[in-house]
Amino acid sequence: MCGRWYAAEIGRVILAVSEIRWEKRRTAEALVVRPCGRLTASSYRVFTDALVKFAIDEPRALIVELDDLHIVAEPLLAAFPSAWMRISQWPSVPILLIAEHAPLQRWLTASAVSRFVPVHSTLTEALTAVDGPPLRRRANTGLIPTGNCAQRARRFVSETCDQWEIPNLCVAQARLVTTELVENAFLHARDNEEIGLRLESWDHRLTVAVTDDDPREAVLREPKPGDDRFYGLYVVARAATAWGCAPRWPDGKVVWATLPVDRTRPHWRSHHGS
């Protein structure tokens, strides 16, 4: 069944990842991916990471067509709720499964996976079930990894939040979180690769996301006893309602943090220094 994927088709991309090959195409509503291969214990983590990477691009929904995937054991179905849990806070993209083959559909529906990730029989049915996405404002910039990249990042945060009328208390927290994430990315930047900074305002939340080309996962390290100052991800974890680290295509990672936006407090426009 997988052989037909090698024919050139407009709008389709083939990605080879470990034991799994992916067909990827976009519709107006969603990103549709079709894995081909064997989901085994050895490919489980790479498979789950791939689902997260697809969601990081923030389609309206991620729809997974499963009829060309051989899932060798029922416990491996946990890959789908695992991916869903990793993206539930951000970017909060719904995952839907399609199983056209009736026995596969019955197996998925009877399993615990359907409690977290809905199962449908056709693409049309899945697209119909997709809820409307939350309204989001987005702003992106790239930062050359130089000594003042954190300063430039703070200025970008201030200017963007001022345009979005984000309350000043949240802006101050966003600047703090941005500083820590960008400086951490700067320490691991390779070959002058650009550091990406993304801001999103949605559903009374402000998310700061920083990308770099280092695939190593960001790890929270507790401060040593007696330390009176805190740095890095410890600062981020204390300021944010949620934070996380996710892989991205084709390599590298995204470290993100979400802050609450209290719009009941008065906001005044001002010029923020850097």
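See the structure shown above.
All of these numbers come straight from a predicted model, not from anything done at the bench.

K.L.:
I'd love a proper account of the sheet that holds strand β11 (residues 242–247), names of residues and values included.
P.N.:
Pairing in this open sheet of 5 strands is antiparallel, and the strands run β8-β9-β10-β12-β11 from one edge to the other. Strands with a single pairing partner mark the edges of an open sheet, and in this sheet they are β8 (137–143) and β11. Each strand axis lies, on average, 15 degrees off the axis of its neighbour in the sheet, ignoring direction. Relative to strand β12 (residues 253–260), strand β10 (residues 205–212) runs antiparallel, the two being bridged by 8 bridges. The residue bridging T211 from the neighbouring strand is V254, located in β12. Lying over the sheet, helix α5 (residues 149–164) contacts β8, β9 (195–202) and β10, oriented at roughly 160 degrees with respect to β8. Together, β8, β9, β10 and β12 form the strand contacts of helix α6 (residues 168–188), whose direction differs from that of β10 by roughly 15 degrees.

K.L.:
Please set out the pattern of salt bridges residue by residue, giving values where relevant.
P.N.:
For the structure on display, the rule yields 15 salt bridges. Here R25 makes a salt bridge to E65, at a shortest N to O gap of 3.0 Å. Of this pair, R25 sits in strand β2 (residues 20–26) while E65 sits in strand β4 (residues 62–65), and the two are 40 residues apart along the sequence. In terms of burial, R25 and E65 fall into one category: buried. A salt bridge links E58 to R198, with the shortest nitrogen-to-oxygen separation between them at 2.4 Å. A residue pair is termed long-range when its members are at least 10 positions apart, and E58 in the loop between α1 (44–56) and β4 and R198 in strand β9 qualify at 140 residues. Comparing E58 with R198, the two get one shared label, buried. In the salt-bridge network here, residues are joined through shared partners; they are E23, R25, R34, E65 and D68.

K.L.:
Before we move on, can you summarise the packing of α5 against α6 with the specific residues and values?
P.N.:
In contact at an axis separation of 9 Å, α5 and α6 are set at 150 degrees when each is read in the N-to-C sense. By the angle between their directions, the pair α5 and α6 is classed as roughly antiparallel. In the packing of α5 onto α6, the handedness of the crossing is right-handed. Counted together, C149, A150, A153, R154, V157, S158 and C161 of α5 and V171, A174, R175, T178, T179, V182, E183 and F186 of α6 form the full contact between these two elements.

Criteria and cut-off values
Residues numbered from 1 in each chain as written. Predicted model: local features only at pLDDT ≥ 70, side-chain atom pairs only at ≥ 80, totals over all residues. Heavy atoms only, no water. Pairing = 2+ DSSP bridges. Helix = DSSP H or I, 4+ residues; strand = E, 2+ residues; numbered from the N terminus. Axes fitted to C-alpha atoms, helices over the stretch in contact; angles between N-to-C directions. Contact = heavy atoms within 4.5 Å. Salt bridge = Lys/Arg side-chain N within 4 Å of Asp/Glu carboxyl O. Buried < 20%, exposed > 50% of the residue type's maximum accessible area, 1.4 Å probe, protein only. Parallel < 35°, antiparallel > 145°, perpendicular 65-115°, else oblique. Left-handed = near helix turned anticlockwise from the far one by under 90°.

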